[in-house]
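Tertiary structure, described
Take a look at the letters that make up each chain.
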Amino acid sequence: MLEVTLLNQYYGGSHILRDVTLSVPEQKLTVLLGRNGVGKTTLLKCVMGVVPAKSGKIAWRGKPYQNLSTPARVAGGLAYVPQGRDIFPRLSVEENLIVGAASRPASGKIPERIYELFPVLRDMKHRRGGDLSGGQQQQLAIGRALMSEPQLLILDEPTEGIQPSIIRDIGRTLRQLVDEFGMTVLLVEQYYEFARELADHYWVMSRGEVVANGLGAEMEANGIRELIAV
Ligand SMILES: Nc1ncnc2c1ncn2[C@@H]1O[C@H](COP(=O)(O)OP(=O)(O)O)[C@@H](O)[C@H]1O
Ligand SMILES: [Mg+2]
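Residues numbered from 1 in each chain as written. Chains lettered and ligands numbered in written order. Predicted model: local features only at pLDDT ≥ 70, side-chain atom pairs only at ≥ 80, totals over all residues. Heavy atoms only, no water.

Quick word on the pairing of strand 2 (residues 14-24)
Relative to strand 2, strand 1 (residues 2-11) runs antiparallel, the two being bridged by seven bridges. Bridge pairing links valine 4 to leucine 22 in strand 2. The antiparallel hairpin formed by strand 1 and strand 2 contains two residues in its connecting segment, where glycine 12 sits at a positive phi of about 60°. (Pairing = 2+ DSSP bridges. Helix = DSSP H or I, 4+ residues; strand = E, 2+ residues; numbered from the N terminus.)

Describing helix 7 (residues 164-179)
Taking 1.5 Å per residue, 16 residues should reach 22 Å; helix 7 reaches 22 Å between its end C-alpha atoms and fits that length. Among all positions in helix 7, only Ile166, Ile167, Ile170, Gly171, Thr173, Leu174, Leu177 and Val178 are buried. Burial along helix 7 is one-sided: seen end-on, the buried residues are contained in an arc of 165°. Residues of helix 7 that are exposed and angled more than 90 degrees away from the buried face: Pro164, Arg168, Arg172 and Asp179. Taken together, the buried residues of helix 7 touch strand 3 (29-33), helix 4 (112-117), helix 6 (134-146), strand 7 (152-156), strand 8 (184-189) and helix 8 (192-198). (Expected span 1.5 Å × (residues − 1). Buried < 20%, exposed > 50% of the residue type's maximum accessible area, 1.4 Å probe, protein only. Arc of directions from axis to C-beta. Contact = heavy atoms within 4.5 Å.)

Concerning the packing of aromatic side chains
Applying the stated rule across the entire model yields one aromatic pair. We note arginine 113 situated over the ring of phenylalanine 181; from NZ or CZ to the ring centre the distance is 4.5 Å. (Phe/Tyr/Trp six-rings, centres within 6.5 Å; stacked < 30°, edge-to-face > 60°. Lys NZ or Arg CZ within 6 Å of the ring centre and 35° of its normal.)

Dropping the structure here:
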């Protein structure tokens, strides 16, 4: 389980995360919802150690992570697909994937599994990352995160600006990672339908605080659609 306890974060004088406490059970898909600007990305950055939290605890499988460096968290099983994808546009698809394995003992090989999950990456492995469509770049970013063979995969709005057919493919792949490979997924989303279809569990943030949580199957009945509607 990922456990975040009483996490606080500030940007300058503004209090961005306010005693955020939530948990992400293993081998499930958990969705974190919330409107723009409520602190979702900031929370993920704190979990990955990209920005230090002011106070609070982060634990994965019972081990404290809040004082570890980002590479140590990756080596300890966490992987992160940032909002906006951040692939290397001038590197080939294959090179982008190899960079994702930098924390692993070098084999220089792309695990077959990644090309099976995303056949388009095999077809395009010699193309430059920047030449791929937005959806393909998102698949590349997920493939790159999988190169470190994570236990917990964290994704920040992977559907943002992506065509519906690829959104469906990404949804199927995330489900497969959980159901077939036993991975744990934490997905930040603003696209309600996508979240509701995939979620085993959900959490909702508003203005830096956790305001709701429950089972994915109960999202509709619990009025989560209305809660996050803009
Ligand atoms: N680097 C930063 N410096 C100052 N303020 C920031 C920075 N990043 C985000 N913020 C502010 O923090 C709040 C939460 O942002 P963010 O975590 O990106 O929210 P979300 O991902 O839910 O849209 C917003 O008000 C945003 O403007
Ligand atoms: Mg965000």
